[in-house]
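# Survey of secondary and tertiary structure
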Amino acid sequence: MTDTVGEFLRVIDLTGVFGNAILGGLVARELHLDPIGFAALATLSGLGGGLIRDTLLQHGPPVALTDYLYALAVIAGAIVAFLTPVHDRAWALIFPVVDALALGCWAAAGAQKTLHVGLGWLAAIFLGTITAVGGGALRDLAVRRTPQIFGGNTLYATCAVAASVVAVAFDYVGRASAGMVIATLVGAGFVLLARWRGWQLWTGLDWDYDIQRSPGRLLPRIAVRVNRRSAPPPEL
């Protein structure tokens, strides 16, 4: 049973690597980079989250450095993005689906791997989320974009948290393999639903201070106005 779960975890993990590598390649295509740029962004996007996860777990070398299928998955994703003609309409249709599936896959794999090394549920949710969003954040920072997890976009990291929670819950009832599939679907579905409905986290309040000075008053009068911030429109 343990071998089956481990092999299934590997398949889910590699699926996430391939999906995120395609996303990195698509960003490189959008920016008109050369093949080296495709390879670099595909590597950051496809392996970044997993490398961060495995480094934090300190449970042997990162799997991306010991299993050559991870490097092959990155190369395959970069080639697909490099050779596939992507236009504006196709980008708008392909990017959200691939992005959502990649996030769901990696959140499930990250949470499950954390549980397998003996850590608890909170660490599993934390590292599942980092696995899902870490590579994309590194990719965006490399091209001087604000990472999606920092806001200004529809729900993203929140969806990774939800997928990680599902994976942890199923593992605790002894259905780890089914949990990874369902967690992947929950994470991907949540991302797509948030994009469709325009769901965003609340960005807080704007505080305006108006200092009024009156004759005869020792201290100025300070008027405080609180305005709710209007969220920017979601980006694709």
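Residues numbered from 1 in each chain as written. Predicted model: local features only at pLDDT ≥ 70, side-chain atom pairs only at ≥ 80, totals over all residues. Heavy atoms only, no water.

- The name an unreviewed UniProt entry gives the protein chain is Membrane protein, with Mycobacterium paragordonae as the organism.
- As stated in UniProt under Subcellular location (unreviewed entry), the record for the protein chain gives "Cell membrane". (UniProt positions renumbered as here; feature names shortened; annotations may be inferred.)

### Description of the packing of helix α6 (residues 121-142) against helix α7 (residues 157-172)
- Taken N-terminus to C-terminus, the directions of α6 and α7 make an angle of 135°; their axes are 8 Å apart at the nearest point. One way to sum up the angle between α6 and α7 is to call them oblique. Judged by the twist between their axes, the crossing of α6 over α7 is right-handed. Here Trp-121, Ala-124, Ile-125, Gly-128, Thr-129, Ala-132 and Val-133 of α6 lie close against α7, whose contacting residues are Ala-157, Ala-160, Val-161, Ser-164, Val-165, Val-168 and Tyr-172.
- Of the residues that constitute the contact of α6 with α7, the class distribution is 11 nonpolar, 3 polar and no charged. (Axes fitted to C-alpha atoms, helices over the stretch in contact; angles between N-to-C directions. Helix = DSSP H or I, 4+ residues; strand = E, 2+ residues; numbered from the N terminus. Parallel < 35°, antiparallel > 145°, perpendicular 65-115°, else oblique. Left-handed = near helix turned anticlockwise from the far one by under 90°. Contact = heavy atoms within 4.5 Å. Nonpolar A, V, L, I, M, F, W, Y, C, P; charged D, E, K, R; others polar.)

### Brief notes about the nonpolar core
- Counting residues in hydrophobic clusters, the biggest one holds 25 residues, and the most contacted among them are Val-17, Leu-47, Tyr-70, Leu-103, Ala-132, Val-133 and Ala-160.
- Setting aside chain neighbours within four positions, we find Val-17 in contact with Gly-46, Leu-47, Tyr-70, Ala-73, Val-74 and Trp-106.
- Ranked by size, the runner-up nonpolar core spans 14 residues in total, among them Leu-9, Cys-105, Leu-115 and Val-168. (Core = buried A, V, L, I, M, F, W, Y, C linked by side-chain atoms within 4.5 Å. Buried < 20%, exposed > 50% of the residue type's maximum accessible area, 1.4 Å probe, protein only.)

### Describing unusual backbone geometry
- Its identity as a non-glycine residue notwithstanding, His-32 has a phi of 60°, on the positive side.
- Here His-32 lies in the loop between α1 (2-30) and α2 (35-57).
- Look at Gln-58: it is not a glycine, yet its phi comes out positive at around 55°.
- Mapped onto the elements of the fold, Gln-58 is located in the loop between α2 and α3 (63-66).

### Re the packing of aromatic side chains
- Summed over all chains, the structure comprises 1 aromatic pair.
- Pairing Phe-38 with Phe-82 gives two aromatic rings, centres 4.9 Å apart and planes at 90°, and the pair type is edge-to-face. Residue Phe-38 is found in helix α2, and its partner Phe-82 is found in helix α4 (residues 68-83); the two are separated by 44 residues along the sequence.
- Overall, Phe-38 belongs to the buried group, its relative accessible area being 5%. (Phe/Tyr/Trp six-rings, centres within 6.5 Å; stacked < 30°, edge-to-face > 60°.)

### Describing the environment of Ala-169
- Checked against the element boundaries, Ala-169 lands in helix α7.
- Accessibility expressed as a relative area gives 42% for Ala-169, which makes it partly exposed.
- Residues Ala-169 and Gly-179, spaced 10 residues apart in sequence, show a C-alpha to C-alpha distance of 7.7 Å.

### Digging into the side chain of Gln-112
- When you line up the elements, Gln-112 lands in helix α5 (residues 88-116).
- A polar side-chain atom of Gln-112 sits 2.7 Å from a polar atom in the side chain of Asp-171. (Polar contact = N/O pair within 3.5 Å; in protein donor to acceptor, adjacent residues only side chain to side chain.)

### Side note on the side chain of Ser-164
- Looking at where Ser-164 falls in the secondary structure, it is placed in helix α7.
- On the basis of relative accessibility, which here comes to 0%, the residue Ser-164 falls in the buried class.
- Apart from the residues within four sequence positions on either side, Ser-164 is in contact with Ala-107, Ala-111, Ala-124, Ile-125, Gly-128 and Thr-129.

### Focus: a nonpolar patch on the surface
- A cluster of nonpolar side chains, contributed by Leu-44, Ile-52, Leu-56, Phe-126, Leu-138 and Leu-141, occupies part of the molecular surface with about 500 Å² of accessible area.
- Put simply, the parts of the chain that give the nonpolar patch at least two residues each are α2 and α6.
- As for its placement among the helices and strands, Leu-138 is situated in helix α6.
- Among the residues examined, Leu-138 registers a relative accessible area of 31% and is labelled partly exposed. (Patch = residues over 30% accessible without salt bridge, like charges linked within 9 Å, V, L, I, M, F, W, Y side chains within 5 Å. Areas by Shrake-Rupley, 256 points an atom, 1.4 Å probe, with all protein chains shown as cover. Salt bridge = Lys/Arg side-chain N within 4 Å of Asp/Glu carboxyl O.)

### What to know about the pattern of salt bridges
- Applying the stated criterion across every chain yields a total of 5 salt bridges.
- In this structure, Arg-53 engages Asp-54 in a salt bridge whose closest nitrogen and oxygen atoms are separated by 2.9 Å. Summarising the burial analysis for this pair, Arg-53 and Asp-54 share the class buried.
- Lys-113 is paired through a salt bridge with Asp-54; the nearest N and O atoms lie 3.0 Å apart. Of this pair, Lys-113 sits in helix α5 while Asp-54 sits in helix α2; the two residues are 59 residues apart in sequence, bridging distant segments of the chain.

### Concerning the packing of α2 against α6
- At a minimum axis distance of 7 Å, the contact between α2 and α6 shows a crossing angle of 140°. The angle between α2 and α6 falls in the class oblique. The handedness of the crossing between α2 and α6 comes out as right-handed. From α2, Leu-41, Leu-44, Ser-45, Gly-48, Gly-49, Gly-50, Ile-52, Arg-53, Leu-56 and Leu-57 reach across to α6, where they touch Leu-127, Ile-130, Thr-131, Gly-134, Gly-135, Gly-136, Leu-138, Arg-139 and Ala-142.
- Of the residues in the contact of α2 with α6, the class split is 9 nonpolar, 8 polar and 2 charged.

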